[in-house]
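Below, each chain spelled out in residue letters.
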Amino acid sequence: MLSQSVRYFIPEPSHWPIFGSAALLSMASGAASWLNGWAPGKYVLFAGLAILIYMLVGWFHAVARESEGGRYNKQVDVSFRWGMSWFIFSEVMFFAAFFGALFYMRVLSVPWLGDLEQKLLWPDFNPTWPASGPGLKDPFTPMAAWGIPALNTLLLLSSGVTVTWAHWGLLKNNRGQLIGGLVLTIALGLAFLGFQIYEYGYAYQNLNLKLTTGAYGATFFLLTGFHGLHVTIGTIMLMTILGRCLAGHFRPDHHFGFEGVAWYWHFVDVVWLGLFIFVYWL
Amino acid sequence: MDAAHVHNGHGAHGHRNTGLMRWVTTTNHKDIGTLYLVFSLTMFFIGGLLALGIRAELFQPGLQFWQPEFFNQLTTMHGLIMVFGAIMPAFVGFANWQIPMMIGAPDMAFARMNNWSFWLLPPAALLLVASFFVPGGATAAGWTLYAPLSTQMGPGMDLAIFALHIMGASSIMGSINIITTILNMRAPGMTLMKMPLFVWTWLITAYLLIAVMPVLAGAITMLLTDRHFGTNFFNAAGGGDPVLFQHIFWFFGHPEVYIMILPGFGIVSQIVPTFSRKPLFGYSSMVYATASIAILSFIVWAHHMFTVGMPAATQLFFMYATMLIAVPTGVKVFNWIATMWKGSLTFETPMLFACGFIFVFSIGGFTGLVLAITPVDIQLQDTYYVVAHFHYVLVAGSLFALFAGAYYWLPKWTGHLYDERLGKWHFWLSMIFFNVTFFPMHFAGLAGMPRRVPDYALQFADFNMISSIGAFGFGLAQLIFVYAIVKCVRGGEKAKDKTWEGAEGLEWQVPSPAPYHTWETPPVIR
């Protein structure tokens with residue numbers, strides 16, 4: 001018979017998944033009723049969110065304990081690598097849907113709305129991008145690329161460097177470099193988020209650029225908004241990893257938790273480059 | 001190969017809960033497979049009841065039972081529940097039960113996440129079913145949720161959107177698990193090109209799911225923000241376009257229909273060789289054909305929307321790309337027939353369903369080719385011809401393959417042989433009533449009867465009456481299936497480890513019923 005460390009790890013029965021399901025049920029029903037005018041729905045939504053956070057903390061705590069307890073062998077490690085890679089691929093496809101909407105509007109639907117056939121209906125519509133829509137008369141100013149967005153590009157690209165530097169520290173078993181690199185990465189991520197929030201406020205107050213600003217506003221806010229959400233999640237993941245590093249977790253030859261988060265961080269970085277080029281710049 | 005016997009009966013992985021908590025907390029792939037299968041069977045009957053509601057109304061022209069709004073809710077929810085609640089979870093149930101046993105793995109790669117993949121489904125189903133009871137009722141926009149209809153529906157639409165989000169998360173997690181299991185958990189010597197075809201088809205299906213479920217999530221998120229947060233993705237006045245929704249939806253939707261049929265191809269490819277007592281003809285061409293279908297599925301989506309208005313060159317591209325799919329599909333059909341050719345054939349229930357599948361699915365494939373022709377499609381768009389076509393591939397395709405697989409592996413799962421007489425009754429009644437229901441729809445559609453309308457011109461009355469009689473017969477025949485399963489679970493003739501004399505594969509080397517843990521020590525494949 002194979003010993004425990006050689007055999008593939010299969011977890012004991014777990015109650016965490018059912019907490020997650022209860023959380024999502026509560027969030028979905030709460031959000032649906034809140035959106036349709038039943039105010040207490042928001043408490044149902046937030047209760048669900050609280051259960052979800054409780055579940056995530058408990059579940060990942062169990063994973064960290066199992067990992068440090070030496071229960072994940074090489075084969076389990078490879079599973080995690082495949083799993084994370086395919087998860088990131090699914091995220092890529094999620095963003096692809098919104099990029100697809102952006103390209104469709106810029107290249108097809110907005111020009112169509114300004115063509116000769118529509119002139120009778122909307123004689124004044126100027127279909128050059130950035131455009132809102134022929135039925136919307138509220139003027140707006142598009143977001144300039146070379147101010148805060150360029151700075152944010154610099155911040156995120158640097159954070160990609162610092163997280164790699166932290167990884168080198170981990171590989172050399174230099175804990176100081178590891179923790180310093182992670183702290184820097186988190187700081188850069190938080191700075192990015194701060195600028196992003198400021199940019200949104202500026203857009204609403206000074207540029208009259210809103211979620212309701214037609215094609216440009218919808219694609220701008222949903223693409224940057226979902227990216228911002230992913231940076232937020234990534235930053236929380238990095239903080240978790242920092243906490244684990246401070247607790248002495250991870251070894252040079254056993255640290256997929258760190259690497260998975262670093263992969264995720266690089267993915268968020270690459271999405272931003274796409275955003276910077278196609279949403280802000282071109 | 002005796003490893004499984006040695007380990008029989010003792011759980012090396014700690015305790016197992018009893019009663020309800022066993023099923024809520026389980027991390028065992030067989031338990032979770034059973035949960036998926038029971039869930040999908042339940043949803044199959046709920047979706048089936050909705051279908052009978054549709055057919056009752058259409059039994060005669062004029063309005064008999066439902067208001068038109070409720071009729072549209074019935075068609076919409078029938079589609080959503082059958083696609084996301086019945087067919088997809090059933091195939092995932094088969095994957096959970098069979099893939100670890102067929103590749104010699106001790107369990108799924110992520111056993112705990114596997115539990116969550118399943119337990120996300122009941123809340124989602126609850127949201128869907130509950131949406132009938134909110135003000136305005138369930139969504140009535142059709143299962144495709146086309147804007148601007150879907151941007152104008154009541155709260156039921158929001159519940160459907162969130163239910164789809166949750167089911168999408170379940171599918172993505174399930175698929176990541178299946179891909180990882182197949183890529184990383186195979187027994188030594190089980191090279192990719194030695195894998196059973198069911199495993200291959202699921203590998204490719206899981207890839208499709210991970211690629212397109214997030215796209216659906218994006219589409220319905222845009223729907224949600226258009227509905228409640230003032231975005232204009234699908235509103236021309238705001239620079240958007242309702243057709244944009246159709247493009248994004250069908251970029252998901254076309255691979256989705258192959259998600260629902262490829263594992264069925266896999267099941268049939270296991271069954272036909274067993275009852276022909278010959279190896280599968282053209283194994284590697286089957287693998288390449290499956291992969292080709294998957295790749296082509298990404299570049300044919302606009303054939304669902306030929307009538308919305310698009311450049312002729314685009315129509316031509318999508319028409320030819322669609323027709324191209326007939327090539328790998330034809331490869332499969334000919335391979336199955338070549339496998340049977342000069343085989344020592346017997347026709348137990350799994351083989352009956354597999355042969356029925358090949359015959360009736362091919363008819364659905366041919367009507368698909370007819371619909372692929374743009375000028376023809378412009379006549380047939382949104383008629384009952386389309387309804388006939390996709391029920392031929394989804395009911396006689398996916399569902400018959402699921403029935404075939406259920407009868408094929410039930411002895412392995414329960415340790416008992418099912419009642420062959422009941423199985424044969426189930427097959428013949430299903431086969432006959434299926435065709436009684438759906439074959440006349442071709443004629444109704446060719447004559448111009450539109451779908452999703454509760455009333456119709458008198459000229460369609462006879463066809464509809466026949467269809468409705470067939471539908472109720474088909475529905476009742478499914479009760480035989482439930483009875484056959486219950487009977488088989490409760491007892492019956494003891495099944496041998498290798499239930500079918502012509503069967504090949506690792507699942508037949510473990511005892512029947514399969515012990516709670518199999519292949520804790522991996523077999524070595526020569």
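Note that the structure is predicted; figures quoted are calculated from it, not measured.

**Looking at the overall build of chain B**
For step 1, the next point in the chain: Of the regular secondary structure elements, chain B holds 19 helices and zero strands.
For step 2, the next point in the chain: Here chain B has a C-alpha radius of gyration of 23 Å; the compact-globule value for 526 residues is 24 Å, and the two agree.
For step 3, the next point in the chain: Expressed as lengths along the three principal axes of its C-alpha atoms, the size of chain B is roughly 70 × 50 × 45 Å.
For step 4, the next point in the chain: Considering chain B as a whole, with its 526 residues, one finds that 64% of them fall into the buried category.
For step 5, the next point in the chain: Put simply, of all contacts in chain B between residues at least 6 apart along the chain, 83% involve residues at least 24 apart.

**So, the interface of chain A and chain B**
For step 1, the next point in the chain: On the side of chain B, 66 residues touch chain A, which itself brings 62 residues to the contact.
For step 2, the next point in the chain: Interface of chain A and chain B: buried area, both sides summed, is about 5400 Å²; carbon and sulfur atoms make up 75% of it.
For step 3, the next point in the chain: In this structure, the connection of chain A to chain B is made through one salt bridge.
For step 4, the next point in the chain: Between A:Glu66 and B:Arg112 there is a salt bridge; the shortest N-O distance is 2.9 Å.
For step 5, the next point in the chain: Inspection of the chain A/chain B interface yields 14 residue pairs in polar contact (both at pLDDT 80 or more).
For step 6, the next point in the chain: Taken together, the elements giving at least two residues each to the side of chain A that touches chain B come down to helix H1 (16–35), helix H2 (41–68), helix H3 (74–113) and helix H6 (214–246) of chain A.
For step 7, the next point in the chain: Among the elements that take part in the side of chain A that touches chain B, H3(A) stands out by supplying 21 residues, more than any other.
For step 8, the next point in the chain: Taken together, the residues of the side of chain A that touches chain B break down into 42 nonpolar, 17 polar and three charged.

**Notes on the confidence of the model for chain B**
Residues and elements named next belong to chain B.
For step 1, the next point in the chain: Overall, the predicted model of chain B reaches an average pLDDT of 95, with 97% of residues at or above 70.
For step 2, the next point in the chain: Confidence drops under a pLDDT of 50 for residues 1–13, and excluding neighbours within four residues, the segment shows 24 contacts in the predicted structure.
For step 3, the next point in the chain: Taken together, the chains of this predicted complex give a pTM of 0.95 and an interface ipTM of 0.96.

**Topic: the pattern of salt bridges**
For step 1, the next point in the chain: Here the structure, examined in full by the defined rule, presents twelve salt bridges over all chains.
For step 2, the next point in the chain: A salt bridge links A:Glu68 to A:Arg244, with the nearest nitrogen and oxygen atoms 3.8 Å apart. Pair noted here: A:Glu68 is in helix H2 and A:Arg244 is in helix H6, with a separation of 176 residues, a long-range link.
For step 3, the next point in the chain: Exposure remark for A:Glu68: the relative accessible area of 31% places this residue in the partly exposed category.
For step 4, the next point in the chain: Classification of A:Arg244 as buried rests on a relative accessible area of 15%.
For step 5, the next point in the chain: Between B:Arg227 and B:Asp158 there is a salt bridge; the shortest N-O distance is 2.9 Å. One end of the pair, B:Arg227, is in helix H9 (residues 197–228); the other, B:Asp158, is in helix H8 (residues 155–184), and 69 residues separate them in sequence.
For step 6, the next point in the chain: For B:Asp158, a relative accessible area of 0% corresponds to the buried category.
For step 7, the next point in the chain: One connected set of salt bridges, linked through shared partners, spans A:Asp77, A:Arg81 and A:Glu259.

**Regarding the domain arrangement of chain A**
Residues and elements named next belong to chain A.
For step 1, the next point in the chain: Parsing chain A into structural domains produces domain 1 (1–72) and domain 2 (73–281).
For step 2, the next point in the chain: Averaged C-alpha coordinates put domain 1 and domain 2 at centres separated by 25 Å.
For step 3, the next point in the chain: Each partner contributes to the interface: domain 1 provides ten residues, whereas domain 2 provides ten residues.
For step 4, the next point in the chain: Where domain 1 abuts domain 2, roughly 920 Å² becomes buried across the two surfaces, and 53% of that area is made up of carbon and sulfur atoms.

**Observations concerning the packing of helix H14 (residues 326–340) of chain B against helix H15 (residues 349–372) of chain B**
Residues and elements named next belong to chain B.
For step 1, the next point in the chain: Look at H14 against H15: their axes get within 11 Å of each other, and the N-to-C directions meet at 155°. Here H14 lies roughly antiparallel to H15, going by the angle between them. The handedness of the crossing between H14 and H15 comes out as left-handed. Judged by residue contacts, Ala326, Thr329, Val333, Trp336 and Met340 of H14 engage Met351, Cys355, Phe357, Ile358, Phe361, Ser362 and Leu369 from H15.
For step 2, the next point in the chain: For the contact of H14 with H15, the per-class residue count stands at ten nonpolar, two polar and no charged.

**A closer look at the nonpolar core**
For step 1, the next point in the chain: Counting residues in each nonpolar core, the largest one holds 267 residues, and the members touching the most others are A:Phe258, B:Phe84, B:Trp202, B:Trp336 and B:Phe357.
For step 2, the next point in the chain: Among the elements that make up this core, the one with the highest residue count is H9(B) (22 residues).
For step 3, the next point in the chain: Leave out the neighbours within four places in its chain, and B:Phe357 touches B:Ile261, B:Phe265, B:Val268, B:Trp336, B:Ser362, B:Ala396, B:Gly397, B:Phe400 and B:Ala401.

**Quick notes on the confidence of the model for chain A**
For step 1, the next point in the chain: In this model, chain A carries a mean pLDDT of 95, and residues with pLDDT of at least 70 account for 98%.
For step 2, the next point in the chain: Segment residues 1–5 of chain A is flagged for pLDDT under 50; beyond a separation of four residues in sequence, or across chains, it makes five contacts in the model.

**Considerations on helix H4 (residues 68–103) of chain B**
Residue and element names in this part refer to chain B.
For step 1, the next point in the chain: Over its 36 residues, H4 extends 50 Å from the first C-alpha to the last, a length consistent with the 52 Å expected when each residue adds 1.5 Å.
For step 2, the next point in the chain: At methionine 82, H4 is deflected by roughly 35°, the largest bend along its length.
For step 3, the next point in the chain: The element H4 is largely enclosed, with a buried count of 32 among its 36 residues.
For step 4, the next point in the chain: Two residues or fewer after H4 comes glycine 104, characterised by a positive phi angle close to 75°.

**Observations concerning the environment of B:Thr151**
Residue and element names in this part refer to chain B.
For step 1, the next point in the chain: Here threonine 151 is to be found in helix H7 (residues 149–152).
For step 2, the next point in the chain: Placed 34 residues apart in sequence, threonine 151 and serine 117 show a C-alpha to C-alpha distance of 29 Å.
For step 3, the next point in the chain: Apart from residues no more than four positions distant in its own chain, threonine 151 is found in contact with Leu223, Asp226 and Arg227.
For step 4, the next point in the chain: A distance of 2.7 Å separates a polar side-chain atom of threonine 151 from the backbone oxygen of proline 148.

**Side note on the packing of aromatic side chains**
For step 1, the next point in the chain: On inspection of all chains with the given rule, the structure shows 90 aromatic pairs over all chains.
For step 2, the next point in the chain: The cationic tip of B:Arg22 hangs over the ring face of B:Trp23; the distance from NZ or CZ to the ring centre is 4.4 Å.

**With respect to the side chain of B:Asn114**
For step 1, the next point in the chain: Within the secondary structure, B:Asn114 sits in helix H5 (residues 111–119).
For step 2, the next point in the chain: Ignoring any residue separated from it by four or fewer positions in sequence, one finds B:Asn114 in contact with B:His29, B:Ile32, B:Asn96, B:Met108 and B:Asn177.

**So, the side chain of B:Ser170**
For step 1, the next point in the chain: Mapping B:Ser170 onto the fold places it in helix H8.
For step 2, the next point in the chain: Residues within four places of B:Ser170 in sequence aside, it is in contact with B:Tyr36, B:Ser117, B:Leu120 and B:Leu121.

**Re H9(B)**
All names here are of chain B.
For step 1, the next point in the chain: For H9, which comprises 32 residues, the first-to-last C-alpha distance of 46 Å matches the rise-based estimate of 46 Å (1.5 Å per residue) to within 8%.
For step 2, the next point in the chain: Taken as a whole, H9 carries its principal kink of about 25° at isoleucine 210; the proline proline 214 stands between one and four residues after it.
For step 3, the next point in the chain: With 30 of 32 residues buried, H9 is to be regarded as a mostly interior element.
For step 4, the next point in the chain: Looking at the residues trailing H9, positive phi occurs at glycine 230, about 75°.

**Digging into unusual backbone geometry**
Residue and element names in this part refer to chain B.
For step 1, the next point in the chain: The residue after alanine 147, namely proline 148, is reached through a cis peptide bond having omega 5°.
For step 2, the next point in the chain: Looking at where proline 148 falls in the secondary structure, it is placed in the loop between helix H6 (121–130) and H7.
For step 3, the next point in the chain: Here the residue pair serine 512 and proline 513 is connected by a cis peptide bond, since its omega of -5° sits within 30 degrees of zero.
For step 4, the next point in the chain: Its place among the elements puts proline 513 in the segment after helix H19 (461–490).

**Topic: the packing of H4(B) against H9(B)**
Residue and element names in this part refer to chain B.
For step 1, the next point in the chain: Direction vectors running N to C along H4 and H9 enclose 135°, while the axes themselves pass 11 Å from each other. It follows from the interaxial angle that H4 and H9 lie oblique. Here the hand of the crossing between H4 and H9 comes out left-handed. Along the contact surface, H4 presents Phe84, Met88, Phe91, Val92, Phe94, Ala95, Gln98, Ile99, Met102 and Ile103, while H9 presents Phe198, Val199, Trp202, Leu209, Met213 and Leu216.
For step 2, the next point in the chain: Considering only residue class, the contact of H4 with H9 consists of 15 nonpolar, one polar and no charged.

Cut-off values and rules
- Residues numbered from 1 in each chain as written.
- Chains lettered and ligands numbered in written order.
- Predicted model: local features only at pLDDT ≥ 70, side-chain atom pairs only at ≥ 80, totals over all residues.
- Heavy atoms only, no water.
- Helix = DSSP H or I, 4+ residues; strand = E, 2+ residues; numbered from the N terminus.
- Rg over C-alpha atoms; globule rule 2.2 N^0.38 Å.
- Buried < 20%, exposed > 50% of the residue type's maximum accessible area, 1.4 Å probe, protein only.
- Contact = heavy atoms within 4.5 Å.
- Buried area = accessible area lost by both parts, 1.4 Å probe.
- Salt bridge = Lys/Arg side-chain N within 4 Å of Asp/Glu carboxyl O.
- Polar contact = N/O pair within 3.5 Å; in protein donor to acceptor, adjacent residues only side chain to side chain.
- Nonpolar A, V, L, I, M, F, W, Y, C, P; charged D, E, K, R; others polar.
- pLDDT = per-residue confidence, 0-100.
- Domains from an automatic or database assignment.
- Axes fitted to C-alpha atoms, helices over the stretch in contact; angles between N-to-C directions.
- Parallel < 35°, antiparallel > 145°, perpendicular 65-115°, else oblique.
- Left-handed = near helix turned anticlockwise from the far one by under 90°.
- Core = buried A, V, L, I, M, F, W, Y, C linked by side-chain atoms within 4.5 Å.
- Expected span 1.5 Å × (residues − 1).
- Bend = angle between axes of the 7 residues up to and from the residue.
- Phe/Tyr/Trp six-rings, centres within 6.5 Å; stacked < 30°, edge-to-face > 60°.
- Lys NZ or Arg CZ within 6 Å of the ring centre and 35° of its normal.

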